[in-house]
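Spelled out from the first residue to the last, the chains are:
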Amino acid sequence: MRDKWMQAALAEAEKAYKKDEIPVGCVAVFDGKIIGRGHNLRESLDDPTSHAEIMCLRRAAKKLGDWRLYNVSLYVTIKPCKMCREAIKEARVKRVYSGLPEGEKLLKKFFRKLR
Ligand SMILES: [Zn+2]
């Protein structure tokens, strides 16, 4: 199951990559279902806080109608940054799974493209 959710997070990261965003993806899982997805949109939205995890938390909270994501697990393609770690904590997220070799590879591919 975990692999399946991580693959869904990777699909989000690929969406970011296609938009020339730093490719990071995230999905939120509750009760065996994805209730939120997100990918980095910092450039598209001109918003420094639009990281994949934040976008995903917002959608998950909206879907549940509650900002407290007690029984929600997050799957993120790379290790969340400090801002996101704090936001995840604030949202009371149950578990975070992060870091996928393919996620790291996609990130490297993105930075190579910039050179
Ligand atoms: Zn972040």
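Please read all numbers here as calculations on a predicted model, not as lab measurements.

S.K.: Just to check I follow, could you spell out the packing of helix 3 (residues 52–64) against helix 4 (residues 82–90) for this structure?
M.R.: Relative orientation and spacing of two packed helices are given, respectively, by the angle between their axes and the distance between those axes. The interhelical angle for the contact between helix 3 and helix 4, taken along N-to-C directions, is 20 degrees, at an axis separation of 9 Å. By the criterion of interaxial angle, the relationship of helix 3 to helix 4 is roughly parallel. Seen from above, helix 3 lies across helix 4 with left-handed handedness. Across from Glu53, Ile54 and Leu57 in helix 3, the residues of helix 4 making contact are Cys84, Ala87 and Ile88. Here the contact of helix 3 with helix 4 is built from residues that sort into five nonpolar, no polar and one charged.

S.K.: Looking at this structure, I do not really get the nonpolar core. What am I missing?
M.R.: One recurring pattern in soluble globular proteins: nonpolar side chains tend to sit buried together. Ranked by size, the top nonpolar core spans 29 residues in total, and within it Ala9, Cys26, Ala28, Cys56, Leu74 and Tyr75 carry the most contacts. Of all the elements in the fold, those that place two or more residues in this core are helix 1 (2–18), strand 1 (25–30), helix 3, strand 3 (73–76) and helix 4. Not counting residues within four places of it along the chain, the set of residues in contact with Leu74 comprises Cys26, Ala28, Glu53, Cys56, Ile88, Val93 and Val96.

S.K.: So what exactly am I meant to see when it comes to the environment of Ser44 here?
M.R.: Turning to its location among the elements, Ser44 is positioned in helix 2 (residues 42–45). Judged by the 13 C-beta atoms lying within 10 Å of it, Ser44 falls in the partly exposed class. Considering only alpha carbons, one finds Ser44 and Asp20, 24 residues apart in sequence, at a separation of 8.9 Å. If near-sequence neighbours (up to four positions away) are discounted, Ser44 is found in contact with Lys19 and Glu21.

S.K.: Just checking my understanding: could you explain the environment of Lys108 for this structure?
M.R.: The residue Lys108 is located in helix 5 (residues 101–114) in this model. A count of 11 C-beta atoms within 10 Å places Lys108 in the exposed class. Lys108 sits 86 residues away from Ile22 along the chain, and the two C-alpha atoms are 9.8 Å apart.

What counts, and at which threshold
Residues numbered from 1 in each chain as written. Predicted model: local features only at pLDDT ≥ 70, side-chain atom pairs only at ≥ 80, totals over all residues. Axes fitted to C-alpha atoms, helices over the stretch in contact; angles between N-to-C directions. Helix = DSSP H or I, 4+ residues; strand = E, 2+ residues; numbered from the N terminus. Parallel < 35°, antiparallel > 145°, perpendicular 65-115°, else oblique. Left-handed = near helix turned anticlockwise from the far one by under 90°. Contact = placed C-beta atoms within 7 Å. Nonpolar A, V, L, I, M, F, W, Y, C, P; charged D, E, K, R; others polar. Core = buried A, V, L, I, M, F, W, Y, C linked by C-beta atoms within 7 Å. Buried ≥ 20, exposed ≤ 12 C-beta atoms within 10 Å, placed from the backbone.

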